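Listed below are the residues making up each chain.
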Amino acid sequence: MEVLLAGLRAAGEPTRLRLLALCAHGELSVTELTLILGQSQPRVSRHLKLLVEAGLLTRFREGSLVFYRIAENGESAYLARTLVDLLPDDDTELSRDLVRLDKIREKRAELAENYFQENAGQWNKIRALHVPEADVEARLQELVGPEPVGNFLDIGTGTGRILELFARQIERGVGIDLSSEMLAIARTQLERDEFRHLQVRKGDMYNMPIDDRSIDLATLHLVLHYSLEPGLVIAEAARTLAPGGRLIIVDFASHQEERLRTEHKHQRLGFSDREIHQAMIQASLEPGPVDSLIGDPLTVKFWQAHCR
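Description of the structure in this document. Nothing here was measured: the structure is a model prediction, and the numbers come from that model. (Residues numbered from 1 in each chain as written. Predicted model: local features only at pLDDT ≥ 70, side-chain atom pairs only at ≥ 80, totals over all residues. Heavy atoms only, no water.)

## Some details on the overall build of the protein
Along the protein, the regular secondary structure elements total twelve helices and ten strands. Its C-alpha atoms give the protein principal-axis dimensions of roughly 60 × 45 × 30 Å. Residue burial in the protein is summarised as follows: out of 308 residues, 51% are buried. Within the protein, counting contacts between residues at least 6 apart in sequence, those at least 24 apart form 68% of the total. Of the roughly 15100 Å² that the protein leaves accessible, carbon and sulfur atoms contribute 51%. In the protein, 37 positive and 47 negative side-chain charges are present, and the distance between their average locations comes to 4 Å. (Helix = DSSP H or I, 4+ residues; strand = E, 2+ residues; numbered from the N terminus. Buried < 20%, exposed > 50% of the residue type's maximum accessible area, 1.4 Å probe, protein only. Contact = heavy atoms within 4.5 Å. Areas by Shrake-Rupley, 256 points an atom, 1.4 Å probe, with all protein chains shown as cover. Lys, Arg positive; Asp, Glu negative; His and termini not counted. Charge placed at Lys NZ, Arg CZ, Asp CG, Glu CD.)

## Focus: helix 2 (residues 14-23)
Most of helix 2 sits out of view: eight of its ten residues are buried. Those residues of helix 2 that fall on the buried side of the exposure criterion are Thr15, Arg16, Arg18, Leu19, Leu20, Ala21, Leu22 and Cys23. One side-chain oxygen at the N-terminal end of helix 2 lies 2.8 Å from the backbone nitrogen of Thr15; it belongs to Glu13. (Polar contact = N/O pair within 3.5 Å; in protein donor to acceptor, adjacent residues only side chain to side chain.)

## Regarding the pairing of strand 10 (residues 300-307)
With seven of eight residues buried, strand 10 is to be regarded as a mostly interior element. Here strand 8 (residues 241-252) pairs with strand 10 via seven bridges, running antiparallel. Following the sheet pairing, Arg246 is matched in strand 10 by His306. Strand direction decides the pairing type here: strand 9 (residues 285-293) and strand 10, joined by seven bridges, are antiparallel. Residue Asp291 lies in a different strand from strand 10, and its bridge partner there is Phe302. (Pairing = 2+ DSSP bridges.)

## Remarks on unusual backbone geometry
The peptide bond linking Asp296 to Pro297 adopts the cis configuration, its omega dihedral lying at 10°. Tracing the chain through its elements places Pro297 in the loop between strand 9 and strand 10. The phi torsion at Glu194 lies on the positive side, around 60°, for a residue other than glycine. The topology assignment puts Glu194 in the loop between helix 9 (180-192) and strand 6 (198-202). Phi at Arg213 is positive, roughly 50°, even though this residue is not glycine.

## A closer look at the packing of aromatic side chains
Counting across every chain of the model gives two aromatic pairs. Relative to Phe67, the ring of Phe60 lies with its centre 5.7 Å away and its plane at 15°, an arrangement referred to as stacked. The exposure class of Phe60 is buried, given its relative accessible area of 10%. Taking the relative accessible area as the measure of exposure, Phe67 reaches 5% and is therefore buried. Residues Phe152 and Phe166 carry aromatic rings whose centres are separated by 5.7 Å and whose planes lie at 55° to one another, so their mutual orientation is tilted. On the criterion of sequence distance, the pair formed by Phe152 in strand 4 (residues 149-155) and Phe166 in the loop between helix 8 (161-165) and strand 5 (170-177) is long-range, its members being 14 residues apart. Of the residues examined, Phe152 reaches a relative accessible area of 1% and is grouped as buried. In this structure, Arg187 packs its charged tip against the face of Phe67, placed 4.4 Å from the ring centre. Its guanidinium or amino end placed over the ring of Phe60, Arg201 lies 3.3 Å from that ring's centre, counting from NZ or CZ. (Phe/Tyr/Trp six-rings, centres within 6.5 Å; stacked < 30°, edge-to-face > 60°. Lys NZ or Arg CZ within 6 Å of the ring centre and 35° of its normal.)

The structure is reproduced here in structure tokens:
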């Protein structure tokens, strides 16, 4: 009862109800919420603090920015969603807020698209060296299978494409990436498709903001070759896996394309089966089958493992 009363007290104020409604539509920064509400940042921050303390909103930092979204876990999450669902659709003030929210999203999308266009050339050069991305995604889907997935983690999520790929069969998904620009693209796309059960977070793949033994399926999709310490990345992924949880690594077989190191910042020129299997064993994972898609000059490999 105390949790319920605390939640009701926190939400029982017009501005805080508006904040709750806005954060139910996606992740928003303090600056964005200030622009939408037309109120001072200190005042908005105080309201947000009360909502977070009551468990109705969650708060996370991304570089210099702090983002908020409606709570998904905990005793107050159900109350938060119930209150939002009870808000009238025809409320004038809430309708104005949503119009301003759309403008914020349009600006986000514009910035993300500009970054994507500026960098698309180098991504396309790499893709031209291996089999089509659609074939890689299709094989990954085959390996994951059609069964529902509880908690899904995509490490080095980039534009969030792998989150999108499995959006309809996972209960909850999170993507981790160190690039704020990439996260902006991913967040824009996920919100455009209204995948509210998916989210992205800024984080280092060596030290992820993910609880131990909480993930049912984790993927490393064409990201491990950027790591100086791939064994540490695999160990960190293993830390997050629940008993029986799976890890699928998609990356290049060993190759000699030195230009990828000099022109595209690849730290490793692919991996051997032996190296990946040893890293999995050292991380207390059980290695599984290995699959391949042969390209010219790059072959894409699929290494699987599960948590004992």
